[in-house]
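In case you want the letters, here they are:
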Amino acid sequence: MSSPWLHRSIAAALAAAGVAAWPSSARAYCVTETCVSSECTKEEIGRKEPGCVTSYYRCDSIETCPSIDCTWGQTCPRAGDKPCTHPPEAKWTCSTIRWNRTCMGYAIQEDGSRYFDLDTIRRTVSEAFAAWSDVECPGGGKPGFAVQYMGDVSCGDVEYNARAGNVNVFTFRDAFWPRGPRQIALTTQSFSSSDGEIYNADAEMNTACYQLNPEVALDPGSGSEADGCSSDAGTSHDFLAVVTHEMGHFLGLSHTAAPQATMVTSFGRDEPEFRSLEQDDINGICALFPPADVDPEACNPIPKHGFSPECGAEQVVGCSAGATPGDGGGRAGWVAALGGAAIAAAARRRRVKTGGCRS
């Protein structure tokens, strides 16, 4: 069910420094829950009054590959992130932040990047999504979702329009990075605070500060504080590994404590190894999208309020292309941030390929 209150989650970031502090008891894939209080009115929830809205990570125990239920009280995130604990009072109604559909569309901002040609960008994003859609789920079958490429678009803004067309956009920031200075990439989700339904997801690549194409160095003068960068800017990172990680966030997964997984908080050396998924990643995507046959050519990828290649400010309201599948209700009453989770390139963690579950 659609909600008139939206919650924006800065759900995924890759950073160049800052190793995550995980508990000694390893846990598996994580998702994020959004919770609202039954003691608050809709207006109070919309204003995000204290005690009316909260969020936390829910992580399934890694030993069970996967567990159906979360053990409340797990502490999955890094220092500063929300703890994986159930709200202690019965007043809270919680929902997993996830897509309520099996078909999503995405587009690429037409300006691309000076460091990649558009064909390379298109191919890389397609390969990253394929890494998630082509796995074999425990018990058989492939994850029950499909994605469709909807072309190149003029809009490169991170936004969700409640009264205009939308697009899930993949874009580059070559000239200036407006987010956290240590982030290599960031995926931002807009979702309903009441039921967790994801309405929109946009991915940004920080090519102002970091080298994602090993054959093309950053422009002279790039990577400065004036570009929004940190002092460790200029390091090189594997483009496909970064994009595969971000598409995991696009699909709804949070960071994991499993050290070999693509959705881990940090990786550095042997980054190409993280282009492929480990069992923890597979368990997570199959839990979000249980095995089912979804025809990518027949499914409907049009976002809520219709698809538009233009940003909201350039649209004539009501004239976006395509009809909204299902209920297109909702208005942006408030937008809030859940702290961004970072991957640390400085960790220099080598992936060791093994089968089955990890502890």
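Every value quoted in this text rests on a predicted model; they were computed, and no experiment measured them.

Participant: Break down the overall build of the protein for me, with residues and values.
Facilitator: Each helix and strand in the protein was counted, giving 4 helices and 9 strands. The linear arrangement of helices and strands in the protein, starting from the amino end, is β-β-α-β-β-β-α-β-β-β-β-α-α. Expressed as a percentage of its 359 residues, the buried residues of the protein come to 57%. Looking at the protein alone, contacts between residues at least 24 apart form 77% of all its contacts between residues at least 6 apart. Here the protein has roughly 14300 Å² of accessible surface; of this, 50% comes from carbon and sulfur atoms.

Participant: Outline the layout of surface pockets, supporting the account with residue identities and numerical values.
Facilitator: Each pocket or cavity is described by its volume, and for the second largest pocket that value is around 220 Å³. In this structure, the second largest pocket is lined by 16 residues; those nearest its centre are Ser133, Phe145, Ala146, Val147 and Pro296. The set of elements that each furnish at least two residues to the lining of the second largest pocket consists of α2 (118–133) and β6 (146–153). Residues belonging to the lining of the second largest pocket are distributed by class as follows: 11 nonpolar, 3 polar and 2 charged.

Participant: Can you tell me about the environment of Asp270, naming the residues and giving the values?
Facilitator: Relative to the elements of secondary structure, Asp270 occurs in the loop between α3 (239–251) and α4 (279–288). Residues Asp270 and Asp238, spaced 32 residues apart in sequence, show a C-alpha to C-alpha distance of 9.0 Å.

Participant: For the environment of Met104, give the residues involved together with the corresponding values.
Facilitator: Residue placement: Met104 occurs in strand β5 (residues 103–109). Judged by relative accessible area, which is 1%, Met104 ranks as buried. Note: C-alpha distance between Met104 and Ala146 (42 residues apart in sequence) is 6.5 Å. Other than its neighbours up to four places away in sequence, Met104 contacts Trp99, Phe145, Ala146, Val147, Gln148, Phe250, Leu251, Phe289 and Pro301.

Participant: Report on the packing of aromatic side chains, specifying residues and quantitative values.
Facilitator: Counting across every chain of the model gives 10 aromatic pairs. Aromatic pair Tyr106 and Tyr149: ring centres 5.4 Å apart, planes at 40°, arrangement tilted. Here the residue Tyr106 occupies a position in strand β5, and Tyr149 occupies one in strand β6, the gap between them amounting to 43 residues. Classification of Tyr106 as buried rests on a relative accessible area of 7%. Within the aromatic cluster, the residues linked to one another by ring pairs are Trp99, Tyr106, Phe129, Tyr149 and Phe250.

Conventions we followed
Residues numbered from 1 in each chain as written. Predicted model: local features only at pLDDT ≥ 70, side-chain atom pairs only at ≥ 80, totals over all residues. Heavy atoms only, no water. Helix = DSSP H or I, 4+ residues; strand = E, 2+ residues; numbered from the N terminus. Buried < 20%, exposed > 50% of the residue type's maximum accessible area, 1.4 Å probe, protein only. Contact = heavy atoms within 4.5 Å. Areas by Shrake-Rupley, 256 points an atom, 1.4 Å probe, with all protein chains shown as cover. 1 Å grid on protein atoms, 1.4 Å probe; cavity = no way out; pocket = protein on both sides within 12 Å on 5 of 7 lines; lining within 4 Å. Points joined across faces, edges and corners; volume = space filled by probe spheres on them. Nonpolar A, V, L, I, M, F, W, Y, C, P; charged D, E, K, R; others polar. Phe/Tyr/Trp six-rings, centres within 6.5 Å; stacked < 30°, edge-to-face > 60°.

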